[in-house]
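Spelled out from the first residue to the last, the chains are:
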Amino acid sequence: MRCLLVGMGVWCSTIASVAVAAPKPVRITQARTPAEIKIKRERHLVFPVDGSAPLPISVDGPGKLVLWAFQTWSGSHSRAPASLRLEMQVDGKSAGGLKLRAKRHASAGLTGAKRTTVGKAESQIVPLPSGEHRVVVQATGTGTRAFVELLFYPAGSKKAARVVVEPEAPPPPADDVPLVAAAPAAPPPPVPPAREVEQP
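What you see is a predicted model; the values in this text were computed from it and never measured. (Residues numbered from 1 in each chain as written. Predicted model: local features only at pLDDT ≥ 70, side-chain atom pairs only at ≥ 80, totals over all residues. Heavy atoms only, no water.)

Participant: If you had to explain the pattern of salt bridges to someone new, which residues and values would you point to?
Facilitator: Counting across every chain of the model gives 6 salt bridges. Between glutamate 36 and arginine 43 there is a salt bridge, with its nearest N and O atoms 3.0 Å apart. A salt bridge links glutamate 87 to arginine 85; its shortest N-O distance comes to 2.4 Å. By relative accessible area, arginine 85 is classed as partly exposed at 32%. Each of the salt bridges in this network shares a partner with another, and the network as a whole consists of Lys24, Arg27, Asp60 and Glu132. (Salt bridge = Lys/Arg side-chain N within 4 Å of Asp/Glu carboxyl O. Buried < 20%, exposed > 50% of the residue type's maximum accessible area, 1.4 Å probe, protein only.)

This is the structure we're talking about:
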């Protein structure tokens, strides 16, 4: 019961407050080190994607997944020297993609990489129905790479869910395979007693 002081009286309610469960986080299901892109005072948690390292994601719908892609390249060119395409798959089916050949972002920088240029971001929104979904972001192209920021908004929420890295458990090493127990060794034969020799 909750009571409030109203004027000269007390008003009580027997309606119990309902706790709202926090949404499940977005899971990066492969060991991946996040990076940070700074745009003025904003900090964006991003994950690298290139041709040899697709980004696997597990997320529970319903809601919408927003992908922000930042193309990066070496040097100080005002535009990316090569194009890069990001393809998205949801549960094994194509969900569209982004073609990037970005212009340099005047205020963006990749933390810890002064010689890397960051391009202007492109975005894509993917609606997800109820249930658990596996999303894969794959890059095609050479000479540049991309960093992506993942924002998932559960249905009815204006707050994005957390993003965590949960690598898949590796297979057990060969040393952990149980060995077949060896048969017990046969007992040694009994030693015959010493025989007495008669003196002539």
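Participant: Mind laying out the pairing of strand E11 (residues 122-140), listing which residues take part and the relevant values?
Facilitator: In this structure, strand E6 (residues 55-74) lies alongside E11, joined through 14 bridges in antiparallel fashion. The residue bridging leucine 55 from the neighbouring strand is valine 137, located in E11. Taken together, the 6 bridges between strand E7 (residues 84-90) and E11 define a ladder with antiparallel strand orientation. Within E11, the position partnered with glutamine 89 by the bridge is valine 136. (Pairing = 2+ DSSP bridges. Helix = DSSP H or I, 4+ residues; strand = E, 2+ residues; numbered from the N terminus.)

Participant: Any details on a positive patch on the surface? Residues and values, ideally.
Facilitator: A cluster of basic side chains, namely Arg79, Arg101, Lys103 and Lys120, defines a positive patch on the protein surface. Relative to the helices and strands, arginine 101 resides in the loop between strand E8 (93-100) and strand E9 (108-110). (Patch = residues over 30% accessible without salt bridge, like charges linked within 9 Å, V, L, I, M, F, W, Y side chains within 5 Å. Areas by Shrake-Rupley, 256 points an atom, 1.4 Å probe, with all protein chains shown as cover. Lys, Arg positive; Asp, Glu negative; His and termini not counted. Charge placed at Lys NZ, Arg CZ, Asp CG, Glu CD.)

Participant: Now, about the side chain of aspartate 60: what can you tell me, with residues and values included?
Facilitator: Relative to the elements of secondary structure, aspartate 60 occurs in strand E6. At a separation of 3.5 Å, a polar atom in the side chain of aspartate 60 contacts the side chain of lysine 24. (Polar contact = N/O pair within 3.5 Å; in protein donor to acceptor, adjacent residues only side chain to side chain.)

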